[in-house]
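# Fold and contact review
These are the residues of each chain, in order.
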Amino acid sequence: MLNEIIFTVTESLDGGFEAQAVGHSIYTQCDEYSQIHQTLRDAVNCHFNQDQMPSVIRIHLVKGEVISV
């Protein structure tokens, strides 16, 4: 059984957010950040059997920003 699964979450170029699991082939997206917790839970529940389910989802939010000098 896994203790945790880690997702990298980025803002999509088309709007919304995209999430990718580190070390697993799990990809998902949502329109609003407020939806990310449930979206990730749904994706993890679809990917793992009950006996392999991680107990924690860790989110790494990556934000790209450009500023002028």
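Higher on the page you've got the structure.
Residues numbered from 1 in each chain as written. Predicted model: local features only at pLDDT ≥ 70, side-chain atom pairs only at ≥ 80, totals over all residues. Heavy atoms only, no water.

## Some words on the pattern of salt bridges
Two side chains bearing opposite charge may form a pair once their charged atoms approach each other closely. Quick note on the threshold: Whenever Lys or Arg places a side-chain nitrogen within 4 Å of a carboxyl oxygen from Asp or Glu, that contact is recorded as a salt bridge. Helix numbers and strand numbers start at the N terminus; a helix is a DSSP run of H or I with at least 4 residues, a strand a run of E with at least 2. Exposure categories follow from relative accessible area, calculated using a 1.4 Å probe and restricted to protein chains: below 20% of the type maximum is buried, above 50% is exposed, and the middle band is partly exposed.
Tallying each qualifying case throughout the model produces 1 salt bridge. Notably, a salt bridge pairs Arg-58 with Glu-4, separated by 2.9 Å at the nearest N-O pair. Here the residue Arg-58 occupies a position in strand 4 (residues 56-62), and Glu-4 occupies one in strand 1 (residues 4-11), the gap between them amounting to 54 residues. Given a relative accessible area of 39%, Arg-58 falls into the partly exposed group.

## A look at the nonpolar core
Convention followed: Here, nonpolar core means buried Ala, Val, Leu, Ile, Met, Phe, Trp, Tyr and Cys residues that are tied together by side-chain atoms lying within 4.5 Å of each other. Contacts were defined at the residue level, with two residues in contact if any of their heavy atoms lie within 4.5 Å.
Among the nonpolar cores identified, the biggest contains 14 residues, and Ile-5, Phe-7 and Ile-26 are the most heavily contacted of them. Those elements that provide at least two residues to this core are strand 1, strand 2 (17-21) and helix 1 (36-47). Looking at this core element by element, the count peaks at 4 residues for helix 1. Sequence-distant contacts of Phe-7, that is, excluding residues within four places in its chain, are made with Ala-19, Gln-20, Ala-21, Ile-26, Leu-40, Val-44, Ile-57, Arg-58, Ile-59 and His-60.

## Thoughts on the environment of Phe-48
For Phe-48, the position within the fold is in the loop between helix 1 and strand 4. Residue Phe-48 is classed as buried on the basis of its relative accessible area of 10%. Put simply, Phe-48 and Phe-7 are 41 residues apart on the chain and 15 Å apart in space, counted from C-alpha to C-alpha.

## So, the environment of Glu-4
Stated precisely, the cut-off is as follows: Counting of polar contacts relies on pairs of N or O atoms within 3.5 Å, with two restrictions inside protein: one atom must be capable of donating a hydrogen and the other of accepting it, and residues adjacent in sequence are counted only when both atoms are side-chain atoms.
A relative accessible area of 30% places Glu-4 in the partly exposed class. Counting along the chain gives 54 residues from Glu-4 to Arg-58, while the straight-line C-alpha distance between them is 6.8 Å. In this view, Glu-4 contacts Pro-54, Val-56 and Arg-58; residues no more than four positions away in its chain are not counted. Only 2.9 Å separates the side chain of Glu-4 from the side chain of Arg-58, close enough to count as a polar contact.

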